[in-house]
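Observations on the model geometry
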Amino acid sequence: MDKLTTSELNRLITQETRKKGNTKSIGHVLPFIFKSFNAKLPAVDTLEKSDTEPLYDSATKTWRMPPATGQTIESSFLLFLNNLNKVLAKRLPGHIPPPLWFGSHTTRPVGTSDINRKPDLVLSDEVELQWNNMLVVAELSSTMYSSADCAGKTLDVKAWLVFRDQPWRRFVLFLSFCNEYRKLRVHLYDHSGGIVTPPVDIHREPDTFQYIMACIVFGRRDCIGFDLTITMNPKMIPPVSGVLWARNIKNIPKRKRKAVVDDHSEPHVQLVLLSVDPCIAPFHSHPVYLPPYTTENNSTPPSFPIELTAEPVAASRQPKFATHPSDSGDNDEVIGKVTVNDHEYLLLKVLFSCQGLVGRGTVCYLARRNGEEYIVKDHWVKGNKDAILNEVKMLEEMKGVVGVPELVEYWLVEVEKGQPDEMQNYCQTIHNSTVGMSRTHVRLVLKPRAHPLHMFRSKKELVKILRDIVLIQQCAVEMHQILHRDCSLNNIMIEDCEGGSRGALIDWEFASRIASNNVYPANGMSQTGTLEHEEAAHTTLTEVEGVGHFYRDDLESLFYVFTWVCSTDWLPEEWQGSQLDAARCAKDKSYFFSEHPQKLRLSEQFDPYFKDLVPLAEEWYDLLRKERSDRKDAEFHNTRTEELRFDEVATLLETHLARLSDDEKGPQFVVSRLELHESLDKLNESFKELVDKLVPPKRVREDDIEDVVPPKRCKVQ
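Nothing here was measured: the structure is a model prediction, and the numbers come from that model.

In this section: the overall build of the protein chain. When its secondary structure is counted, the protein chain shows 14 helices and 28 strands. Contacts spanning at least 24 positions in sequence make up 71% of the contacts within the protein chain whose residues lie at least 6 apart. Counting every atom, the protein chain has about 33700 Å² of accessible surface; 51% of that belongs to carbon and sulfur.

Here you go:
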């Protein structure tokens, strides 16, 4: 984890300096984020813990710390900070009771997180600390501060954890007390990097120290990174650290999990992926299962252009317990509110959250306004104004295409009237390493509601959705001259419609009009999907001015998405992970298509549930391999070759779609049966142990043993 955050923040942590000639300067970022705090603070020498005990000793120029005898420095510092808060609360009338500092996790990790970290001190409104209710974290160290030492790196990881469970924050604020706990630095982390303020000697600069702590504790919540245009209730949202990180239809004996089949709030089967991809962060810890659709498909693909129609659901197959959240009226629990322009939306659920420090920080919510449901996409976009509004422009040009989201409204989120929330405003100086890294806060409202691809209800629906995505890409390329350029697992959705479902392709942020030279801006990365789903030629391209991209690359990415869903285990480790492994990933993918025996890995490693789809995977593999081979031969002989066509992939998917049964056992049947057998085995083992305890073996005395001649075996015996 330290390696991952270090890579993310490489050369993106800037150290502020004091203004020349102003020794009391605290840098640029603190006055900027604290500008809403205008309360008049008392002189520090008038702060008294009691009538006879001042909190600050003017003679020795030190704060009176609780005696450290018999307690740790964390406990002593904790009492001091809470005493300071208590005294200030009495001197600042009109302020609500402040949050408290806690030190309950100085020696034990927080909660049940898969990443174990122990914050020294935590400012929170809750006694039971979790990463989703921490306001500010403080670290104590007796040594000198260094961004490369353990104290600096542990702050990076803890900031990652707070962002993971509170992705709606604009930034995260941390404190470090180093050099015998005298030197205070404020650490600000956002989706562009980090900022470290100049050190403040808390004893020699008591007024500055008091100001910083008062702003943090008594200031508005935007002083510590919260967005005032969105209000969330963390108690209503399951922490991401508690998500069931396993797939619900695979390797049941290997991955133990508790089945939850009595909650039928979702109409699709939820397959929570076991992935190290920081961009996959489902917020649902309880899988729900429904029977598959009954579909009727033609054996040949329809002529182009095509309308993506819904597959019918047979009345006899309709689940009696199935209720879509949109049908539940006003009984849905509201987890928060969000503002877009002058409209307020009720937030019902977090659908998706992109983990990580540096990046888009995308969070998608299911929202409602005036009884109608919407998707609210909240994210941070890098680049100039044209780049910021690129997705808006692409959605407007693709308006009316079935399977492409409808843009309802958008907003450049403002921190003040007329001032968009831009991360470059926090920076004192733009360094060479941070040029072009600033991001702007953008919020989109989209329709209709859709579900992630991994929530498919049957293998037939999975293949049908993939076919629909091919047709959407074909429509974008041939009718609108637009490349999507970001085909990945998170961007392929299942859209519920009257009588069935159809595929939807979302996230058109990196889409672009087809260029004559097929070269497009890279903006620091290849931008053709996540690492696992990128076309092999692009995974090695980072921080270059342009990337060559063709529509065939999106088709190859779709193949990676398909194999990812059917089996994660067979994918090489180099295909998974961060951009640190990009070069190895590209090499491994190229080898996968260059060596024919690699094809056998598909049949060997596909999960038993997906065995019916192995022929599809092998034929798709052959199609891509042949196209690669022909292209290389053409490049070698300096000739032209025919590129892979959309019709070829669509025909392949349609052919196998017609072969799949409408009456297949869905994932819910497979999981339930395996879990039933597993439960029965456990029950038998427990019963045997109980019998052994209640009925001890009977002892036989030697005197009771007699020589008995065994009788002859008869037919009955």
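Resuming the write-up.
With that settled, the discussion passes to helix α8 (residues 459–480). With 22 residues, α8 extends 31 Å between its outermost C-alpha atoms, agreeing within 8% with the 32 Å of an ideal straight helix rising 1.5 Å per residue. Q481, located one to two residues past α8, shows a positive phi value of around 55 degrees.

On the surface, D681, E685, E689 and D692 cluster together to form a negatively charged patch. Secondary-structure assignment places E689 in helix α14 (residues 667–694).

What follows is about the pairing of strand β7 (residues 121–124). Neither face of β7 is exposed, since L121 and L123 on one face and V122 and S124 on the opposite face are all buried. Two strands pair when backbone bridges link them, and strand β6 (residues 100–102) and β7 are joined in this way by three bridges, in the antiparallel orientation. Each bridged residue has a counterpart across the sheet, and for L100 the counterpart in β7 is S124.

Attention shifts here to the packing of aromatic side chains. Each aromatic ring pair is summarised here by two numbers: the centre-to-centre distance and the angle between the ring planes. Scanning the entire structure with this criterion turns up 19 aromatic pairs. Plain terms: the ring middles of F174 and Y189 are 6.0 Å apart, the flat faces sit at 70 degrees to each other, and that makes the pair edge-to-face. Placement of F174 in strand β9 (residues 172–178) and of Y189 in strand β10 (residues 183–190) is noted, with a sequence separation of 15 residues between them. Each member of the pair, F174 as well as Y189, is classed as buried. Ring geometry for F177 and F209: centres 6.4 Å apart, planes at 80 degrees, overall edge-to-face. Of this pair, F177 sits in strand β9 while F209 is found in helix α5 (residues 206–218), placing the two residues 32 residues apart along the sequence.

Attention shifts here to the pattern of salt bridges. Scanning all chains against the criterion turns up 31 salt bridges. Linking D125 and R221 is a salt bridge whose minimum nitrogen-to-oxygen distance equals 2.9 Å. Of this pair, D125 sits in the loop between β7 and β8 (134–140) while R221 sits in the loop between α5 and β13 (230–232), placing them 96 residues apart in sequence. Each of R360, K377, E391, D486, D507 and E509 takes part in a single network of salt bridges with overlapping partners.

The next point concerns the side chain of S192. When you line up the elements, S192 lands in the loop between β10 and β11 (193–196). Residue S192 is classed as buried on the basis of its relative accessible area of 12%. A polar atom in the side chain of S192 sits 2.8 Å from the backbone oxygen of M437. The residues contacting S192, other than those within four sequence positions of it, are L12, V358, M423, M437, S438 and R439.

Time to look at the pairing of β10. Counting buried residues along β10, seven of its eight residues qualify, which places the element largely inside the surrounding structure. In this structure, β9 lies alongside β10, joined through seven bridges in antiparallel fashion. When the bridges of β10 are listed, F174 appears paired with H187. Linking β9 to β10, which pair antiparallel, is a turn of four residues; within it N179 sits at a positive phi near 55 degrees. Where β10 lies against strand β12 (residues 200–201), two bridges are found, and the strand directions are antiparallel.

Running from amino to carboxyl end, helix α3 (residues 73–91) crosses α5 at an angle of 80 degrees, the nearest separation of the two axes being 11 Å. When the axes of α3 and α5 are compared, the pair comes out roughly perpendicular. Facing F80, L81, L84, N85, L88 and A89 of α3, the residues of α5 in contact are F209, Q210, M213, A214, V217 and F218.

Moving on, we come to the sheet that holds β13. Within the open sheet, the seven strands sit side by side as β13-β14-β15-β16-β17-β21-β18. Their pairing is antiparallel. Two strands lie at the open edges of the sheet, namely β13 and β18 (406–412), each paired on one side alone. Strand-to-strand, the axes of this sheet are offset by a mean angle of 30 degrees, without reference to chain direction. Bridge count for strand β14 (residues 336–340) against strand β15 (residues 343–353) is five bridges, and the pairing is antiparallel. Across the sheet, the residue bridging to V340 is H343, located in β15. Here helix α7 (residues 390–397) sits on the sheet and contacts β17 (372–382), β18 and β21 (439–447); the angle it forms with β18, its principal contact strand, is near 160 degrees.

On to the sheet that holds strand β24 (residues 492–497), then. Spatial strand order, β22-β24-β25: three strands in an open sheet with antiparallel pairing. Taken across any chain shown, the strands that pair with only one partner, and hence form the sheet edges, are β22 (450–452) and β25 (500–505). Pairwise comparison of adjacent strand axes, ignoring direction, gives a mean angle of 35 degrees for this sheet. Two strands pair when backbone bridges link them, and β24 and β25 are joined in this way by six bridges, in the antiparallel orientation. Bridging across to β25, I492 finds its partner in L505.

For helix α13 (residues 646–659), which comprises 14 residues, the first-to-last C-alpha distance of 20 Å matches the rise-based estimate of 20 Å (1.5 Å per residue) to within 8%. All buried positions along α13 are accounted for by F646, V649, A650, L652, L653, E654, H656 and L657.

Rules behind the numbers
- Residues numbered from 1 in each chain as written.
- Predicted model: local features only at pLDDT ≥ 70, side-chain atom pairs only at ≥ 80, totals over all residues.
- Heavy atoms only, no water.
- Helix = DSSP H or I, 4+ residues; strand = E, 2+ residues; numbered from the N terminus.
- Contact = heavy atoms within 4.5 Å.
- Areas by Shrake-Rupley, 256 points an atom, 1.4 Å probe, with all protein chains shown as cover.
- Expected span 1.5 Å × (residues − 1).
- Patch = residues over 30% accessible without salt bridge, like charges linked within 9 Å, V, L, I, M, F, W, Y side chains within 5 Å.
- Salt bridge = Lys/Arg side-chain N within 4 Å of Asp/Glu carboxyl O.
- Lys, Arg positive; Asp, Glu negative; His and termini not counted.
- Charge placed at Lys NZ, Arg CZ, Asp CG, Glu CD.
- Buried < 20%, exposed > 50% of the residue type's maximum accessible area, 1.4 Å probe, protein only.
- Pairing = 2+ DSSP bridges.
- Phe/Tyr/Trp six-rings, centres within 6.5 Å; stacked < 30°, edge-to-face > 60°.
- Polar contact = N/O pair within 3.5 Å; in protein donor to acceptor, adjacent residues only side chain to side chain.
- Axes fitted to C-alpha atoms, helices over the stretch in contact; angles between N-to-C directions.
- Parallel < 35°, antiparallel > 145°, perpendicular 65-115°, else oblique.

Fair warning: the whole summary comes from geometry, so function is off the table for now.
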